[in-house]
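# Inside the fold
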Amino acid sequence: MRKVIISLAPVKSGTPVHAAALAEDVCKSVQAGAGMCHLHCRRPDGGLTADITYMAECFDKILQKTDVVAQVSTGGVSELTIEERCRPLEYGKAESASLNGGSTNLGEALYVNTFEDIRYCARAAFEKRILPEIEVFDIGMLHNVEYVAGEQSFAEPRLFNLVFGHRGGMQPTIEALTAFRSFVPGDALWGVTHFGRDNWTFLAAAIAMGAAVVRVGFEDSAYLHDGGEAQYNYQIVEKTAALVRAMGLETATPFETREILNLKGW
């Protein structure tokens, strides 16, 4: 039976991060069906930082409770250099990391990811045997990554996260999903993020079209049902897992997530 990886991005940008409470929420989310957890490198007040100390503390507390796959972020709009953005790759239990596929307008901000930034991040991840999850906000970014992968060593399998919903990027319509999906290389894995999600139909369509990963969590949206938002991330994971199972599929455990993505473990 086909397994779908639920990736949890549990921290909304700019909000305080409480390590113990976060660990409890992530643990319950894994019990509900999540296989991977995506964290940015933040201070306790929620601000992005190049200092991985608190991110490592958060992941350590999480991994004391559950064996979820730790995915670190190298992104987020900030004044950090690409070298600083890639510091989370130094976290010894990181198995995956985001790699941004190009520059875009992200809301009112300009999100800069040059070719040299892509090269640097891809090279650093390859050297540490960390699998990049390639964040792509438009179709051209798929070509950016293929271009870089033709120049230098690049971790496999190729995993693309098709991001929808940000102002300045692809919008969450079936037409856009169909077009975007058609440009993903045939030998690659792909998943979706629906930023600002206010329904469940878009994720359902992506799963039906073959998405290996669906990302949910407070970083992208707290939407649970009409007129209601989740109080905890695990409630969103529960509903996502119910959607997956209603389609006759199963959610991937952390162990199965590692098998699907050929991760090294720690």
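As the structure is a computational prediction, the values presented were derived from the model and not from experiment. (Residues numbered from 1 in each chain as written. Predicted model: local features only at pLDDT ≥ 70, side-chain atom pairs only at ≥ 80, totals over all residues. Heavy atoms only, no water.)

## A short note on the nonpolar core
F59, I62, F160, L162, F164, W190 and V192 are the most contacted members of the largest nonpolar core, which totals 83 residues. Considering each element in turn, this core owes the most residues, seven residues, to helix α2 (residues 53-65). With sequence-adjacent residues up to four places away left out, F160 is seen in contact with I134, V136, L142, V145, E146, V184, P185, A188, L189, W190 and G191. (Core = buried A, V, L, I, M, F, W, Y, C linked by side-chain atoms within 4.5 Å. Buried < 20%, exposed > 50% of the residue type's maximum accessible area, 1.4 Å probe, protein only. Helix = DSSP H or I, 4+ residues; strand = E, 2+ residues; numbered from the N terminus. Contact = heavy atoms within 4.5 Å.)

## Points about the packing of aromatic side chains
Scanning the model with the defined rule gives six aromatic pairs in all. For the ring pair Y111 and F137, a centre distance of 6.1 Å and an interplane angle of 85° mean the geometry is edge-to-face. With Y111 in strand β6 (residues 109-111) and F137 in the loop between β7 (131-136) and α5 (139-149), the pair connects residues that are 26 residues apart, well separated along the chain. Comparing Y111 with F137, the two get one shared label, buried. Aromatic pair F164 and F180: ring centres 5.5 Å apart, planes at 70°, arrangement edge-to-face. Pair noted here: F164 is in strand β8 (residues 159-164) and F180 is in helix α6 (residues 174-182), with a separation of 16 residues, a long-range link. F180 gets classed as buried once you look at its relative accessible area, which sits at 0%. A network of ring pairs unites the aromatic residues F164, F180 and F202 as a single cluster. The ring of F154 carries the charged tip of R158 above its face, separated from the ring centre by 5.0 Å. Geometry around W200 places R197 over its ring, the cationic atom sitting 4.0 Å from the centre. (Phe/Tyr/Trp six-rings, centres within 6.5 Å; stacked < 30°, edge-to-face > 60°. Lys NZ or Arg CZ within 6 Å of the ring centre and 35° of its normal.)

Geometry only, nothing functional implied.
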